[in-house]
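# Observations on the model geometry
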Amino acid sequence: MSQLPQQHRPLVTHIYTADPSAHVFEGKLYIYPSHDLDHDGPSNDNGDQYKMEDYHILSLDDFDSPVTDHGEALHLRDIPWASKQLWAPDAAYKGGTYYFYFPARDLEGNFRIGVATSATPAGPFAPEASYIEGSFSIDPAVLVDEDGEAYMYFGGLWGGQLEKWQQGEFDPSGAEPAADAPALGPRVARLSEDMLTFAGAAEEIAILDENGEPLLAGDEDRRFFEGAWVHKYNGLYYLSYSTGTTHKLVYATSRTPQGPYTFQGTILEPVIGWTTHHSIVQFQDKWYLFYHDSSLSEGVNHKRCVKYSELQYNEDGTIRLVQPD
Ligand code: FUB
């Protein structure tokens, strides 16, 4: 059930894990991953192969200690509004309560984002009766800023349905913009004081190139696809995300949490498997990248494993490229 963590090696091997959101809570490192199921069902661009049903939370006292799997923290059967596919989650802490944010398809088949609460970082988490009003698409990532304001970043193309929400409501025929039009950006919503609702409508984040022009939808090496994560380093906001079809983790920076962000470069080259998804966290004076690949299943896209690597910054604040292995 537990093993010593090693850089670029699966954090655990007794279950398939993906989409790691790492946080330091109560002096320990907690990882909130998806829990991939082993199955032989269909695989397609809609992401039907990612049919996860529960979440397991992992923790480490430090990198010299074994990884603990805290068992089932939340199951689909206990979420009244959700029908299937518990995808990439995140967690946050505020005012004595831990908040667990997760996407799932609602009873109509549209992705929404829900929240569950616990008094402890490992859960179990009790879900709210309905999804967050005004939420849609996938991959929530929550930043609680130094001034106490909390922001949720979210969105993902294709199976994540972001292109179907361009008009403010779900449009089943919604498509990605033309290659020479601005790419779709991730969304950001400020969370209310209670961390359970949006304080206002979600807004699209602009990601600009070095000339201040929006990245274009055809710029698949740099445009946003899914898996947004925002962290702060030396007062600067770093928005990192997956480029999906080109399988990279890249980043952009801004002086404000809502952007606009300016594209900077690549963090991680493509890994084994189609998806790439990550988080960045500071722990005991070092910075770490948590990511996943499909090496544990020798390349099966929906049977992934969480890994980590130390992350280093250059003196000018740019991030050094991490090689997957
Ligand atoms: O794990 C299911 C989906 O695959 C996530 O929500 C995406 O970010 C991708 O990793």
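Scroll up for the structure.
Residues numbered from 1 in each chain as written. Predicted model: local features only at pLDDT ≥ 70, side-chain atom pairs only at ≥ 80, totals over all residues. Heavy atoms only, no water.

### Section: the overall build of the chain
- What the chain contains, in helices and strands, is zero helices and 21 strands.
- Its C-alpha radius of gyration of 18 Å places the chain within 12% of the 20 Å reference for a compact globule of 325 residues.
- Along the first, second and third principal axes, the C-alpha set of the chain runs to 50 × 50 × 45 Å.
- Relative to its full complement of 325 residues, the chain shows a buried share of 58%.
- Considering only intrachain contacts with a sequence separation of at least 6, the fraction spanning at least 24 residues in the chain is 52%.
- Distance between charge centroids for the chain: 2 Å, based on 21 positive and 49 negative side chains. (Helix = DSSP H or I, 4+ residues; strand = E, 2+ residues; numbered from the N terminus. Rg over C-alpha atoms; globule rule 2.2 N^0.38 Å. Buried < 20%, exposed > 50% of the residue type's maximum accessible area, 1.4 Å probe, protein only. Contact = heavy atoms within 4.5 Å. Lys, Arg positive; Asp, Glu negative; His and termini not counted. Charge placed at Lys NZ, Arg CZ, Asp CG, Glu CD.)

### Observations concerning the sheet that holds strand 2 (residues 28-36)
- Reading across from one edge, 1-2-3-4 is the order of the four strands in this open sheet, with antiparallel pairing throughout. The strands lining the two open edges of the sheet, one partner per strand, are strand 1 (16-25) and strand 4 (68-75). Between one strand axis and the next, the sheet turns through 25° on average, direction left out of account. (Pairing = 2+ DSSP bridges. Axes fitted to C-alpha atoms, helices over the stretch in contact; angles between N-to-C directions.)

### Concerning the site of the ligand
- Taken together, Asp19, Met52, Trp87, Ala88, Ile138, Asp139, Glu226, Thr275, His277, His292 and Arg304 form the complete shell of residues around the ligand.
- At 2.5 Å, a side-chain N or O of Asp139 approaches an oxygen atom of the ligand.
- Between the ligand and the protein, one listed contact pairs an oxygen atom with a side-chain N or O atom of His277 at 2.7 Å.
- The protein chains hide 99% of the 280 Å² of surface that the ligand would expose on its own.
- Because more than half of its atoms lie within 2 Å of the grid, the ligand is assigned to the second largest pocket.
- Tallied by class, residues from the shell around the ligand come to four nonpolar, three polar and four charged. (Near = heavy atom within 4 Å. Polar contact = N/O pair within 3.5 Å; in protein donor to acceptor, adjacent residues only side chain to side chain. Areas by Shrake-Rupley, 256 points an atom, 1.4 Å probe, with all protein chains shown as cover. 1 Å grid on protein atoms, 1.4 Å probe; cavity = no way out; pocket = protein on both sides within 12 Å on 5 of 7 lines; lining within 4 Å. Sits in = over half its atoms within 2 Å of the grid points. Nonpolar A, V, L, I, M, F, W, Y, C, P; charged D, E, K, R; others polar.)

### As for unusual backbone geometry
- Along the chain, Gly123 connects to Pro124 via a cis peptide bond; the corresponding omega equals 5°.
- Summarising the element assignment, Pro124 is placed in the loop between strand 8 (111-118) and strand 9 (126-127).
- A cis amide bond links Gly259 to the next residue, Pro260, at an omega of 5°.
- Phi is positive for Trp158, which is not a glycine, with a value near 60°.
- When you line up the elements, Trp158 lands in the loop between strand 11 (150-154) and strand 12 (187-190).
- Using a relative accessible area of 24% as the deciding quantity, one classes Trp158 as partly exposed.
- The backbone of Gln161 shows a phi angle near 70°, a positive value even though the residue is not glycine.
- On the secondary structure map, Gln161 appears in the loop between strand 11 and strand 12.

Taken by themselves, the reported measurements are silent on function.
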